[in-house]
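# A look at the structure
Take a look at the letters that make up each chain.
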Amino acid sequence: MSTCTGRFALVAVVAISIFVSGMLVQGQEGRGRGGQAPQTFPEAPAIGFFGSYRVAPDKVDPSKLPIIGAWRINFDKSDPSMRAQKRFTDTGTNIYTAVDGGIRTETFLFYPPKRNDYKTVFGDDAREYWFKLDGKNIYKDPQGPNGLGQTVGMWLVDRNTLYRERMTKGVVDERVMYRVSPDGQTLAWTNFNADRASGHVVWDRIKLTPTHGPAH
């Protein structure tokens, strides 16, 4: 199986997992009607990489998810093309923060950034956006305020796995899997883009005291 085929097969598995998770949750919610007390079930055991399907509390309050925190790019573990693309420098950083029932994402080409206006002013060096883990593709400007009419939808597959779809003017043009290792120290992005420019980006967890201040 080619790498490209394998990656698209992985997307299909994730999509099925999301669907099945929803059906299982609905099935549990349906029990207990007709005057009967709702049944309670033990936490499902982890199944392969995707883990437990019972993630409803983490969707509402993502503050305890393993992805929350700061991450520094690891070029040695990423696709070789990542360094050549110069999307990030050796200090490329992602910061995920639980805010208002969702997740604020700050992405930096280098850290610390040289400006604090990246939330409202577009630039390749830094951006910020916010989303909820509800699968609704309504959250604006995942690449920053670039004027392209982009939105993003995010799903929580299990506590260690998020799935993202970006739309540009209503058309899905990017799919990304976010996976945190079982020990919580490594984050991997696997891209499935509409132009077939797929890739694998690896990040290491770091302890970081923010020095850039809030975007404005």
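So, a few notes on the structure that sits alongside this text. (Residues numbered from 1 in each chain as written. Predicted model: local features only at pLDDT ≥ 70, side-chain atom pairs only at ≥ 80, totals over all residues. Heavy atoms only, no water.)

Roughly 610 Å³ of volume is contained in the largest pocket. Lining the largest pocket are 34 residues; nearest its centre among them are Arg87, Arg127, Gln143, Arg166 and Glu174. Elements with a contribution of two residues or more to the lining of the largest pocket: helix H3 (81-85), strand S2 (93-99), strand S3 (102-108), strand S4 (126-131), strand S7 (161-168), strand S8 (171-180) and strand S9 (186-193). Residue composition of the lining of the largest pocket, by class: 12 nonpolar, 12 polar and 10 charged. (1 Å grid on protein atoms, 1.4 Å probe; cavity = no way out; pocket = protein on both sides within 12 Å on 5 of 7 lines; lining within 4 Å. Points joined across faces, edges and corners; volume = space filled by probe spheres on them. Helix = DSSP H or I, 4+ residues; strand = E, 2+ residues; numbered from the N terminus. Nonpolar A, V, L, I, M, F, W, Y, C, P; charged D, E, K, R; others polar.)

Locating Thr209 in the fold gives a position in the segment after strand S10 (199-206). Judged by relative accessible area, which is 64%, Thr209 ranks as exposed. Remark: the alpha-carbon pair of Thr209 and Ala70, spanning 139 residues in sequence, is separated by 9.2 Å. (Buried < 20%, exposed > 50% of the residue type's maximum accessible area, 1.4 Å probe, protein only.)

Here we take up the side chain of Asn74. Within the secondary structure layout, Asn74 lies in the loop between strand S1 (69-73) and H3. Reaching out from Asn74, the side chain makes a polar contact with the backbone nitrogen of Asp76 at a distance of 3.1 Å. Within polar-contact distance, the side chain of Asn74 engages the backbone nitrogen of Lys77 at 3.1 Å. Leaving out residues up to four positions away in the same chain, Asn74 has contacts with Val202, Trp203 and Asp204. (Polar contact = N/O pair within 3.5 Å; in protein donor to acceptor, adjacent residues only side chain to side chain. Contact = heavy atoms within 4.5 Å.)

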